Amino acid sequence: MPVNYAQLEHSRGQFAAQYAAWQAEQVVRYGILKELLHDAAADPEQLRLAIEEAEQQLTNLYLAKPTNEPILTRKPLPCTPLSYTLIAADGSQIVPSRHRALQFGVVNVGLIKAHIGSGEPPQTWVETELLPPQQIQTGEGNLISEDEIALLRDLAERKLIRQAVAPDDQKPVITLTDGPLDVFYRSTIQGDRGQEVQREVFEIDQDLQRRGVVTAGYIDKPGSAMLSRMLAIFQCKRQGLPLDKKTDELNLSDRFVLREILNQPGERSAIFEAITRSARKPASSLPVAFFYLNVSCDENEPCLVRVEFPLWVSEVPGLVDTLHAVIYKEAQVLDSHPYPYLLHRSHELAVVKRIEADEIELMIQSQLDPQLRSHQQRSNKDYLKGLS
Amino acid sequence: MSDSSRSIPIGKLLRADNSQFVAGCRVRELETPAFGSLVRASLEDQTDVYGLITNISINDDGLVRQLVSGVSIPGEYTADNRYNRNLPVEIHVLTIGYGSNGQVHHHLPPRPPLSLDQLFLCDSSEVARFTSHGYAYLRHILRLVDQPVEELLVAHLSQARRVQDSLGNPNWYEAACQRLIVLLRDDYPRLTQVLDALSELE
């Protein structure tokens, strides 16, 4: 059935009015947060105390913590090194489905490595892992969730990155993945399986740190409100309120909070540490820092993205400048829609289309014993969906 | 069947019919084929289908169009698009004859090559072999519509003349021109255009 356009016609006016009201509310929130931001910048000691107190008291936290840079810092674009190595990896997956004739899961990772300054075409890799039947089932016999497959994909990305970094790569070596560096931010996985992945990710992070590799996560059109949560904690502390007081009226995406500050193309914000506290957060994980970056080339159209990197990077002189310059230059390759070129290419390499998933299913089925194969049937629901 | 070991593979068949075919290749393979070159597709039944390259087209996609409008693209990314990305260069070929059981024929083959058959660039000995059996194949070129026939003739006759001259057949080119005059005797304007173009080779 097509969409009921007549019904939509009726409700779109109401939607537009609600949307306008919501936007007006965002503007009000922005006004409050802007004032709070300047207050916090004027009283960094109070802000530091508030965050430290929240870290000690609260078990569930996701906010920005200032580092040694003033929070209103805006750094112009530094010079890009003439030569460096940039590696981007992205993954996609086939989530096991009971509606398919065969229950199987696949993790596909695409990686591209460029020696910028060499003039040579980048090298590309595609690694496709068919997950063993035991791995796609939970202890209770259910198929694993999309979340778990996503975690395995994130792990596979990091493994391939580690493999792709070679001793003779031109320094600095920067790696890029899509999304936050902390791979557990969206995971609901608990128990042994989750812990095993956590241990492996931490080992890879440590190994890359030892080798001086800058691992960065690129978050396009970021929606998180880490700065506004930081400011909400500051407000509570200042007013003597409990730090876990609900402050929904201050909830606003960071990119709106900083939009007026980072108004020049190429400017970055101060460096903040990402503070994450949750029951699922592994005890041992690499501390993560981030800055916001205006990747636009147009003064009138700021486009803010978040760049995450291990905290140790901010302690090495010049390394954040290098990362800042490289990410901006990389995003400018696709300047009318700024986004890192190599990250887009790694996505292009990794993406698994429906037709390919069907092909893989046929390949596996052809290896099965014919008697076993006859028991494997697609669900009637899935079959009928395929008719339309 | 020709000796494929001496020939340079330049692509694989995408689509074909009896009178023409299209092969795809990567940009890195594009250094050898040229407009007007004699090429061969080898079929599984030992038949060789011969043709002339009439057009080479470079495909694009959304990313290439996006990059074109970019201010600065590092050389590495230009190379990435040329060598790594799956955007085949299309080589359009006009079928002008075939070889079977050691014989060269200047009429259309019984069947076209199949998809993924390999396309080879003919070496001098193959050019000599194909062009030494008369000029009947020229009619296929003259039948082309909405294509630069004169330029194709110049490119092909230049290659064939060089090969035939090196084999001690200096009259080959003159005889080819005579044949063209006969074939175009009822189309004076076109004959004039062809001769005008061929005057470059004098």
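See the structure shown above.
The structure reproduced in this document is the subject of the present report. All figures in this text were calculated on a predicted structure; none of them were measured in a lab. (Residues numbered from 1 in each chain as written. Chains lettered and ligands numbered in written order. Predicted model: local features only at pLDDT ≥ 70, side-chain atom pairs only at ≥ 80, totals over all residues. Heavy atoms only, no water.)

Here's the deal with the interface of chain B and chain A
Then comes step 1: In this complex, chain B contributes 17 residues to the contact, which on the side of chain A involves 23 residues.
Then comes step 2: A buried area of about 1,500 Å², summed over both sides, lies between chain B and chain A, and 54% of it is on carbon and sulfur atoms.
Then comes step 3: Of all residues in chain B, B:Gln66, B:Glu76 and B:Tyr77 bury the most surface against chain A, accounting for 43% of the area lost on that side.
Then comes step 4: If you look at where chain B meets chain A, you find two salt bridges.
Then comes step 5: Counting across the chain B and chain A interface gives 11 residue pairs in polar contact (both at pLDDT 80 or more).
Then comes step 6: When residues of the side of chain B that touches chain A are traced back to their parent elements, those giving at least two are α1 (62-68) and α2 (75-84) of chain B.
Then comes step 7: It is α2(B) that provides the largest number of residues to the side of chain B that touches chain A, a total of seven residues.
Then comes step 8: Partitioning the side of chain B that touches chain A into residue classes produces eight nonpolar, six polar and three charged. (Contact = heavy atoms within 4.5 Å. Buried area = accessible area lost by both parts, 1.4 Å probe. Salt bridge = Lys/Arg side-chain N within 4 Å of Asp/Glu carboxyl O. Polar contact = N/O pair within 3.5 Å; in protein donor to acceptor, adjacent residues only side chain to side chain. Helix = DSSP H or I, 4+ residues; strand = E, 2+ residues; numbered from the N terminus. Nonpolar A, V, L, I, M, F, W, Y, C, P; charged D, E, K, R; others polar.)

Section: the pattern of salt bridges
All names here are of chain A.
Then comes step 1: Counted according to the given criterion, the structure contains 34 salt bridges over all chains.
Then comes step 2: Between Arg 210 and Asp 207 there is a salt bridge; the shortest N-O distance is 3.9 Å. Of this pair, Arg 210 and Asp 207 both sit in helix α4 (residues 192-210), three residues apart, which is roughly one turn of the helix.
Then comes step 3: Because the salt bridges share partners, they merge into one network encompassing Arg 100, Arg 354, Asp 358, Glu 361, Arg 378 and Asp 382.

Digging into the pairing of strand β5 (residues 89-100) of chain B
Residues and elements named next belong to chain B.
Then comes step 1: Within β5, 11 of the 12 residues are buried, leaving the element largely enclosed by the surrounding structure.
Then comes step 2: Pairing analysis gives six bridges linking strand β2 (residues 20-25) to β5, with the strands arranged antiparallel. Bridging across to β5, Phe 21 finds its partner in Val 93.
Then comes step 3: Bridge count for strand β4 (residues 48-58) against β5 is 10 bridges, and the pairing is antiparallel. Bridge assignment links Asp 48 to a residue of β5, and that residue is Gly 99.
Then comes step 4: In the sheet, β5 pairs with strand β6 (residues 103-105) via three bridges, with the strands oriented antiparallel. Note that in β6 the partner of Ser 100 across the bridge is Gln 103.
Then comes step 5: Connecting the antiparallel pair β5 and β6 is a turn made up of two residues, with Asn 101 showing a positive phi of about 50 degrees. (Buried < 20%, exposed > 50% of the residue type's maximum accessible area, 1.4 Å probe, protein only. Pairing = 2+ DSSP bridges.)

A word on the packing of aromatic side chains
Then comes step 1: In the structure shown here, the tally under the stated rule is 10 aromatic pairs over all chains.
Then comes step 2: Centre to centre, the rings of A:Phe272 and A:Phe290 are 5.7 Å apart; their planes meet at 25 degrees, and the pair counts as stacked. Residue A:Phe272 is located in strand β7 (residues 272-277), and its partner A:Phe290 is located in strand β8 (residues 288-294); the two are separated by 18 residues in the primary sequence.
Then comes step 3: The exposure class assigned to A:Phe290 is buried, which follows from its relative accessible area of 0%.
Then comes step 4: Note on B:Tyr135 and B:Trp172: the rings are 5.4 Å apart at their centroids and 45 degrees apart in plane angle, and the pair reads as tilted. Of this pair, B:Tyr135 sits in the loop between α3 (124-131) and α4 (138-142) while B:Trp172 is found in helix α6 (residues 172-183), placing the two residues 37 residues apart along the sequence.
Then comes step 5: B:Tyr135 gets classed as buried once you look at its relative accessible area, which sits at 17%.
Then comes step 6: You can call B:Trp172 buried: its relative accessible area is 7%.
Then comes step 7: Taken together, the aromatic side chains of A:Phe15, A:Tyr19 and A:Trp22 make up a single cluster linked through ring pairs.
Then comes step 8: Taking NZ or CZ as reference, A:Arg306 lies 5.7 Å from the ring centre of A:Phe290, over its face. (Phe/Tyr/Trp six-rings, centres within 6.5 Å; stacked < 30°, edge-to-face > 60°. Lys NZ or Arg CZ within 6 Å of the ring centre and 35° of its normal.)

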